[in-house]
Protein chains: 2
Amino acid sequence: MARIGVVLSGCGFLDGAEIYESTLTLFFLDQAGADVVIMAPDIDQHHVINHITQEEMPESRNVLVESARIARGNITDIAKIDASELDALIMPGGFGAAKNLSSLAFDGPGASVNCELSALIKDMHKAKKPIGAICISPAVLSKILADHGITLTIGSDSDTASAIKTMGNRHKDSSADNIVVDEKNRIVTTAAYMCAASIGEAGLGIEKLVNHIVTMVDSH
Amino acid sequence: MARIGVVLSGCGFLDGAEIYESTLTLFFLDQAGADVVIMAPDIDQHHVINHITQEEMPESRNVLVESARIARGNITDIAKIDASELDALIMPGGFGAAKNLSSLAFDGPGASVNCELSALIKDMHKAKKPIGAICISPAVLSKILADHGITLTIGSDSDTASAIKTMGNRHKDSSADNIVVDEKNRIVTTAAYMCAASIGEAGLGIEKLVNHIVTMVDSH
């Protein structure tokens, strides 16, 4: 049974992990018969956003604690996870990836990335273990693996595509119902809510991504 | 296109709506081509639970604002929704249904129910519009429609089944991968995380529930 890590960044697309992308990743992993290890960093969120008004709220929340809502409590501090425990890793999207896991939303190509996530991704990549990234997460992956010439998609947003090129990687336009596969680097990406018009459209790409990652693990 | 309401009760299974049940309801509704109206009451949560420790946190959150995380901001105060706008209604589960939408978790068969939800459900039922309820929500529905002799499932939990009977309705045991249909009352229920061992198992029952509700609307 493939043992696949899923990295969350909070709970809610404006300040944390995108809930539909996270849930559908877990749903399709379950359908594919994979064993799942859900993780998040034990750090404060960059901020808390009211998802109706889109305004900042005067409170503080912890990324691991809020991510546990999506994980139904079954979650591990990413600092305690070693690449040797996993066969593959998937990062759902949401602004949490660009605000909590990294500073991408504020600093673009010059962003900093959470140390533990960065170390885990580098170890997975070195060990040639498949990595999947959804929505804005491919841009975070691009920063961690800068100058590797990896081919990724974040849909067709020209600013983010340009940032990926500045980081020394390649961008390929894609619709949300499809995936981009870099076979050499064993990296699979899908645009999801970077451009999806519906949860069903995002789901099509996420289902393909999950199944491709599981196939890569099985065929290794 | 069927216009189907979805009632949320926060964001996270211990103090709000169960995230997987809510997301999969929306996913299968989208796949069935339904138009969705997501709603929640504009009230404070009963409490806030840390989903790692399962302990209460010293803070206050609003049910409508937290539900908006699952709705990606596209949510309406349930007080503003009239049954005439909807073809059917679905209530996902989570402790929010038993703590925020009602006091079922504390008061059992003697529970009180949120007024706006109660009025909306009674109007839907009078108009013979289909109602779906998932996980613990069938027990809330049972309280609103007490003494109607409705047949419902919450899985096989004997205490909750007994409470449903005390409320003047009928309980039928069911596994999470299936549904119980009361054709006369046009009510469909599934146990989901009352007994599901996995997100995939809960998904099987939720998919059947959603498709049955949409078929009931189409065949009317």
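Everything that follows concerns the structure shown earlier in this document.
All residue numbers refer to positions counted from 1 along the written sequence of the respective chain. Note on labels: chains are lettered from A, ligands numbered from 1, in written order. Only residues with pLDDT of 70 or above have their local features reported here, since the model is predicted, and side-chain atom pairs are shown and tallied only from 80 upward, although totals for entire chains, interfaces and linings are computed over all residues. Side-chain figures throughout are based on the complete set of non-hydrogen atoms in the structure, without hydrogens or water.

Q: So what exactly am I meant to see when it comes to empty space enclosed by the protein here?
A: A probe matching the size of a water molecule, rolled over the atoms, marks out where space remains unfilled. Points on a 1 Å grid, built from protein atoms alone, make a cavity when a 1.4 Å probe fits but cannot get out and make a pocket when they are open with protein on both sides within 12 Å along at least 5 of 7 lines; residues with an atom within 4 Å of a point are the lining residues. Grid points are joined across faces, edges and corners, and a volume is the space filled by probe spheres set on the points. Taken as a whole and judged by the stated rule, the model has one cavity of 30 Å³ or more. Every residue along the wall of the largest cavity is listed here: C11(A), Q45(A), R61(A), E66(A), R69(A), C11(B), R61(B), E66(B) and R69(B). Secondary structure elements with two or more residues in the lining of the largest cavity: α2 (63-70) of chain A together with α2 (63-70) of chain B. A run of H or I in DSSP becomes a helix once it reaches four residues, and a run of E becomes a strand once it reaches two; helices and strands are each numbered from the N terminus.

Q: What is the right way to read the packing of helix α1 (residues 19-31) of chain A against helix α8 (residues 199-218) of chain A from this model?
A: A pair of packed helices is captured by two measures, namely the crossing angle of their axes and the spacing between those axes. Residues and elements named next belong to chain A. Running from N to C, α1 and α8 cross one another at 45°; their axes reach a closest spacing of 9 Å. The angle between α1 and α8 places the two elements in the oblique class. The hand of the α1/α8 crossing is right-handed. Side by side, α1 and α8 meet where Y20, E21, L24, T25, F28 and L29 of the first sit next to I199, G203, I206, E207, V210 and V214 of the second. Gly is put with the polar residues, along with every residue not named as nonpolar or charged; the nonpolar set is Ala, Val, Leu, Ile, Met, Phe, Trp, Tyr, Cys and Pro, and the charged set is Asp, Glu, Lys and Arg. For the contact of α1 with α8, a count of residues per class yields eight nonpolar, two polar and two charged. To get an axis, fit a line to the C-alpha atoms, keeping to the stretch in contact for a helix; angles then go from 0 to 180 degrees between the N-to-C directions. Each angle receives one of four descriptions, namely roughly parallel if under 35 degrees, roughly antiparallel if over 145, roughly perpendicular if within 65 to 115, and oblique otherwise. Left-handed describes a crossing whose near helix is turned anticlockwise from the far helix by less than a right angle; the clockwise case is right-handed. Whether two residues are in contact is decided by their heavy atoms, any of which lying within 4.5 Å being enough.

Q: What should I look at first to understand the pairing of strand β2 (residues 35-40) of chain B in this one?
A: On a regular strand, one side chain projects to one face of the sheet and the next to the other, so that they alternate. All names here are of chain B. Where strand β1 (residues 3-7) and β2 come together, five bridges link them in parallel fashion. Each residue of the ladder has a partner; that of G5, found in β2, is V37. Assessed by its sense of winding, the connection that carries the chain from β1 through helix α1 (residues 19-31) to β2 is right-handed. Only when DSSP finds a minimum of two bridges between them are two strands counted as paired. Here β2 runs beside strand β5 (residues 76-77); their pairing, made up of two bridges, is parallel. Orient the strands so they point away from the viewer; a crossover is then right-handed if the path from the first strand over the helix to the second runs clockwise.

Q: Hey, could you run me through the sheet that holds strand β11 (residues 187-190) of chain B in this one?
A: What links the strands of a sheet is backbone hydrogen bonding, and the strands pair in either a parallel or an antiparallel sense. All names here are of chain B. Pairing is mixed in the open sheet, where seven strands are placed in the order β5-β2-β1-β6-β7-β11-β10. Strands at the two margins of the open sheet, each flanked by one partner only, are β5 and β10 (180-182). Relative to strand β6 (residues 88-91), β1 runs parallel, the two sharing three bridges. The residue of β6 that forms the bridge with V6 is I90. Where helix α5 (residues 115-126) meets the sheet, its contacts fall on β1, β2, β6, β7 (131-134) and β11, and the angle it forms with β6 comes to roughly 135°. Packing of helix α6 (residues 137-144) onto the sheet brings it into contact with β6, β7 and β11, and relative to β7 it is tilted by some 130°.

Q: For this particular structure, what's the right way to read the packing of aromatic side chains?
A: Each pair of aromatic rings is reported with the distance of its centres and the angle of its planes. Centres within 6.5 Å make a pair out of two Phe, Tyr or Trp rings, where for Trp the six-membered ring is used; the pair is then stacked when the planes are under 30 degrees apart, edge-to-face when over 60, and tilted otherwise. Inspection of the entire model under this criterion finds six aromatic pairs over all chains. Arranged with centres 6.0 Å apart and planes meeting at 50°, the rings of Y20(A) and Y193(A) form a pair that is tilted. Taken together, the residues span a long stretch of sequence, with Y20(A) in helix α1 and Y193(A) in the loop between β11 (187-190) and α8 at a distance of 173 residues. The buried label applies to any residue whose accessible area, calculated with a 1.4 Å probe on protein chains only, is under 20% of its type's maximum; exposed applies above 50%, and partly exposed to all values in between. Y20(A) gets classed as buried once you look at its relative accessible area, which sits at 6%. Of the aromatic side chains, those joined through ring pairs into one cluster are F27(A), F28(A), F27(B) and F28(B). Note that R72(A) overlies the ring of F13(B), its terminal NZ or CZ placed 4.2 Å from the centroid. Our definition puts a charge over a ring when NZ of Lys or CZ of Arg is within 6 Å of the ring centre and also within 35 degrees of the ring normal.

Q: In this structure, what is going on with the interface of chain B and chain A? I would like to understand it.
A: Reports often express the size of an interface as the amount of accessible area lost when the parts come together. With 38 residues of chain B in contact, the opposing surface of chain A contributes 38 residues. The junction of chain B with chain A conceals about 3,100 Å² of combined surface from both sides, 61% of it contributed by carbon and sulfur atoms. Here the buried area means the combined drop in accessible surface, using a 1.4 Å probe, for two parts upon being joined, counting both sides. Among the residues chain B hides against chain A, the three largest losses belong to Y20(B), R69(B) and R72(B). Together they make up 26% of the total. The term salt bridge refers to a pairing of a side-chain nitrogen on Lys or Arg with a carboxyl oxygen on Asp or Glu at a separation within 4 Å. On the surface where chain B and chain A come into contact, there are six salt bridges. A salt bridge links R72(B) to E18(A), with the nearest nitrogen and oxygen atoms 2.8 Å apart. In protein, a polar contact requires one atom able to donate a hydrogen and another able to accept it; more generally it is a pair of N or O atoms within 3.5 Å, and residues adjacent in sequence count only if both atoms are side-chain atoms. Taken together, the links from chain B to chain A amount to 14 residue pairs in polar contact (both at pLDDT 80 or more). Looking at the side of chain B that touches chain A element by element, the count peaks at eight residues for α1(B). Here the side of chain B that touches chain A is built from residues that sort into 21 nonpolar, eight polar and nine charged.

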